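Descriptive analysis of the structure
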Amino acid sequence: NAGVTQTPKFRILKIGQSMTLQCTQDMNHNYMYWYRQDPGMGLKLIYYSVGAGITDKGEVPNGYNVSRSTTEDFPLRLELAAPSQTSVYFCASSYSRGLGTEAFFGQGTRLTVV
Amino acid sequence: TQLLEQSPQFLSIQEGENLTVYCNSSSVFSSLQWYRQEPGEGPVLLVTVVTGGEVKKLKRLTFQFGDARKDSSLHITAAQPGDTGLYLCAGARRAGNMLTFGGGTRLMVKP
C-alpha cells in the first residue's frame, strides 16, 4: 500500500531558486493538504484542496502555490525560495466523513534554503 | 496564538512513570484526534474522539474528550522508551472539515 508519496525527501535550494514538491496519493481521497513543520513545532497548514480543480489558502500560504488537476496529485510550488521557507513539508490526504477526518501523511520533504 | 494549545511542550520521564498531556481550546470541535510522530516520519493517527466525555483506550494510552468538546487529554500508564515521540492533537471544527493541529508535546522516555 503506497498511501501518500512525497518526493524528493531532501533538497537544498539557493535563495531565489524555485522548485516543486510532489505529492501523490492512491487512496482516492478528495481532501489533500500541505503542511510545514518547523523544528520542534506542530504543523501549519499552507494550502488545501477539497477536490480536483479546487484549492484554498491555509494559515501560511505566502510564498507558495498549488494546483490540483487530478484527484491523485497535489504539487506545491515555491517560486522564489527564501531562508524562512527552510522547514519539513508534509503532504496529507483524507476522505471526507460524517464524523472525524483521519489524515494520512507522507514521510515529508526536508527543505533547506541557503 | 494557536487554536489548539498543547501542554507541556516537552516532557522527559523515566520508564515506568505515568504522564498526562493536554490539548486545550476556547473553540468547540466536532472531533479531535491524537497523532504520534517519530523522527523522520509523518504523523500517524492514534485515535479519534467525537462525543463529549468520550474515553477511549489503546493499550496503555487513555484518551478523553472534554464534555464541552473544547479539550482533550492523553494519559500514558507505565511509559516505555517506545512511547518516545511528538504527540500532536488535531481538531476539526465541523464534520468532514480540515484539521487544525496543536503545537505538539515532545515526550522522551528514558530507560
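So, a few notes on the structure that sits alongside this text. (Residues numbered from 1 in each chain as written. Chains lettered and ligands numbered in written order. Predicted model: local features only at pLDDT ≥ 70, side-chain atom pairs only at ≥ 80, totals over all residues. Heavy atoms only, no water.)

1. Topic: the pairing of strand 5 (residues 44-49) of chain B
Looking along a regular strand, one sees the side chains alternate between the two faces of the sheet. All names here are of chain B. Pairing between strand 4 (residues 31-37) and strand 5: five bridges, direction antiparallel. Within the sheet, the bridge partner assigned to Leu32 lies in strand 5 and is Val49. A loop of six residues connects strand 4 with strand 5, the two strands running antiparallel in sequence, and Gly40 in this loop sits at a positive phi of about 80°. (Pairing = 2+ DSSP bridges. Helix = DSSP H or I, 4+ residues; strand = E, 2+ residues; numbered from the N terminus.)

2. Quick word on the environment of Leu32 of chain B
All names here are of chain B. Position of Leu32 among the secondary structure elements: in strand 4. Considered as a pair, Leu32 and Asp71 are 39 residues apart in the sequence and their alpha carbons are 8.5 Å apart. With sequence-adjacent residues up to four places away left out, Leu32 is seen in contact with Leu4, Cys23, Val47, Thr48, Val49, Phe65, Ser72, Cys89, Ala90 and Gly91. (Contact = heavy atoms within 4.5 Å.)

3. Digging into the interface of chain A and chain B
If you look at the interface, chain A gives 23 residues, while chain B gives 24 residues. Summed over the shared surface of chain A and chain B, the number is four residue pairs in polar contact (both at pLDDT 80 or more). Of all the secondary-structure elements, those providing two or more residues to the side of chain A that touches chain B are strand 4 (31-37), strand 5 (43-51) and strand 10 (103-105) of chain A. The residue inventory of the side of chain A that touches chain B, partitioned by class, reads 11 nonpolar, nine polar and three charged. (Polar contact = N/O pair within 3.5 Å; in protein donor to acceptor, adjacent residues only side chain to side chain. Nonpolar A, V, L, I, M, F, W, Y, C, P; charged D, E, K, R; others polar.)

4. Digging into the nonpolar core
Counting 21 residues, the largest nonpolar core has Leu19, Leu32, Trp34, Phe63, Leu74, Ile76 and Leu107 of chain B as its most contacted members. Only strand 3 (19-24), strand 4, strand 5, strand 7 (61-65), strand 8 (71-76), strand 9 (85-92) and strand 11 (105-110) of chain B provide two or more residues apiece to this core. Setting aside chain neighbours within four positions, we find Leu74 of chain B in contact with Leu19, Thr20, Val21, Trp34, Leu61, Thr62, Phe63 and Tyr87 of chain B. Leu13, Trp34, Leu78 and Tyr89 of chain A belong to the second largest nonpolar core, which has 19 residues in total. (Core = buried A, V, L, I, M, F, W, Y, C linked by side-chain atoms within 4.5 Å. Buried < 20%, exposed > 50% of the residue type's maximum accessible area, 1.4 Å probe, protein only.)

5. Points about the side chain of Ser73 of chain B
Here Ser73 of chain B is to be found in strand 8. Once you skip the residues sitting within four places of it in the chain, Ser73 of chain B turns out to touch Thr20, Val21, Tyr22, Trp34, Thr62, Phe63 and Gln64 of chain B.

6. Quick notes on the side chain of Glu54 of chain B
All names here are of chain B. Looking at the element boundaries, Glu54 is found in the loop between strand 5 and strand 6 (55-58). A relative accessible area of 17% means that Glu54 is categorised as buried. In this view, Glu54 contacts Thr48, Val49, Phe63, Gln64 and Phe65; residues no more than four positions away in its chain are not counted.

7. Some points on the sheet that holds strand 8 of chain B
Sheets are built from strands that pair by backbone hydrogen bonding, the pairs being arranged parallel or antiparallel. Residues and elements named next belong to chain B. The antiparallel open sheet is built from five strands, whose spatial order is 1-3-8-7-6. What marks the edges here is a single partner per strand, and that holds for strand 1 (5-7) and strand 6. In this sheet, adjacent strand axes meet at a mean angle of 15° when their direction is disregarded. Inspection of the sheet shows strand 7 paired to strand 8 by five bridges, in the antiparallel sense. Pairing of Leu61 across the sheet is with Ile76, part of strand 8. (Axes fitted to C-alpha atoms, helices over the stretch in contact; angles between N-to-C directions.)

8. Remarks on the pattern of salt bridges
All chains considered together, the criterion is met by four salt bridges over all chains. The partner of Arg77 of chain A in a salt bridge is Glu79 of chain A, with the nearest N and O atoms 3.2 Å apart. Glu54 of chain B serves as the salt-bridge partner of Lys56 of chain B, at 3.8 Å between the closest nitrogen and oxygen. A residue is classified by how much of its surface remains accessible, and Lys56 of chain B, at 32% relative accessible area, is partly exposed. (Salt bridge = Lys/Arg side-chain N within 4 Å of Asp/Glu carboxyl O.)

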